[in-house]
Amino acid sequence: MKIDKLSIIIPAYNEASTIFLILNNIKAVELIDNIKKEIIIVDDCSTDNTQLTIAAYHSENPELDIRYFKHEVNRGKGAALKTGISQATGEYLIVQDADLEYDPTEYNDLLKPVYNGFADVVYGSRFMGSNPHRVLFFWHTIGNRWLTFACNMVSNLNLTDMETCYKLFDTKMIQSINLQEQRFGFEPEVTIKIARVPKIRIYEVGISYYGRTYDDGKKIGWKDGVHAIYCILKYGVFSR
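First, a word on scope: everything that follows refers to the structure included in this document. (Residues numbered from 1 in each chain as written. Predicted model: local features only at pLDDT ≥ 70, side-chain atom pairs only at ≥ 80, totals over all residues. Heavy atoms only, no water.)

### Section: the state of the cysteines
As enumerated under the stated definition, the model contains zero disulfides in all. The structure places no disulfide on Cys151, whose sulfur is separated from the nearest cysteine sulfur, that of Cys231, by 10 Å. What makes Cys151 buried here is its relative accessible area of 0%. (Disulfide = S-S within 2.5 Å. Buried < 20%, exposed > 50% of the residue type's maximum accessible area, 1.4 Å probe, protein only.)

Have a look at this one:
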């Protein structure tokens, strides 16, 4: 399949210490078949120097197609993703966190099932393959696996990592879906809703994971896990 442009959606909240590093990593990636990169950064009302850091980076790298949007109040990751998705102009888009947990050099791994004509959606799984994964929290991992299992039950999928950041979508398809979640409930909501798209082709590929601790700035917590359960019930059981 011919792809001219990949939109890279980056939700950012207080990521001044890492945003220029992830942008450097994205800049260095050479996509298959010379696919162009459109970088869409949505600043969710950061209170640090995120905006200044992005502006300085863009002025030093004017050749990059960087588009910047800012929420005037903090609305959550899901809201930032919805803003970015609505602005995407590439045939496909991918979600990229502003920290360094996920490696942009693996974009081509996610693109290949689409490029070869097999997939409409590709998830990057932290729980399959032989790529490096940082060893972190036992209960956090169990929680991720349980949420994936519960989401699979209501969506009739067999994903191994529903909560992954790396999700690659057909842009027109994802823009046509009414997404409501403002925070981390985006993950189960979007998974359940895309599973209902007629004849949708969903693939998974193994990816690396350089996880952060809470001291490093990780933001998701147990309350987000509880809300994810609520979202699985809301969108998977009570909304048909």
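There's more to say after this.
### Concerning the packing of aromatic side chains
Taken as a whole and assessed by the stated rule, the structure comprises four aromatic pairs. When the centroid spacing of 6.5 Å and the interplanar angle of 85° are considered together, the rings of Tyr123 and Phe169 count as edge-to-face. Within this pair, whereas Tyr123 is found in strand E5 (residues 121–125), its partner Phe169 is found in strand E6 (residues 167–170), the two being separated by 46 residues in sequence. Judged by its relative accessible area of 0%, Phe169 falls in the buried class. Members of the aromatic cluster, connected to one another through ring pairs, are Tyr102, Tyr107, Tyr166 and Tyr209. We note Arg126 situated over the ring of Tyr209; from NZ or CZ to the ring centre the distance is 5.0 Å. The lysine or arginine in question, Arg145, covers the ring of Phe127, its NZ or CZ lying 4.2 Å from the ring centre. (Phe/Tyr/Trp six-rings, centres within 6.5 Å; stacked < 30°, edge-to-face > 60°. Helix = DSSP H or I, 4+ residues; strand = E, 2+ residues; numbered from the N terminus. Lys NZ or Arg CZ within 6 Å of the ring centre and 35° of its normal.)

### Things to note about the pairing of E6
Here E6 shows two buried faces, one formed by Lys167 and Phe169 and the other by Leu168 and Asp170. Summarising the sheet, E5 and E6 pair through three bridges and their orientation is antiparallel. What sits directly across from Val122, in E6, is Leu168. (Pairing = 2+ DSSP bridges.)

### Regarding the pattern of salt bridges
Summed over all chains, the structure comprises nine salt bridges. Residue Asp161 is joined to Arg126 by a salt bridge in which the shortest nitrogen-to-oxygen separation is 2.7 Å. Highlighted residues: Asp161 in the loop between helix H5 (138–155) and E6 and Arg126 in the loop between E5 and H5, separated in sequence by 35 residues. (Salt bridge = Lys/Arg side-chain N within 4 Å of Asp/Glu carboxyl O.)

Keep in mind these numbers describe shape, not what the thing actually does.
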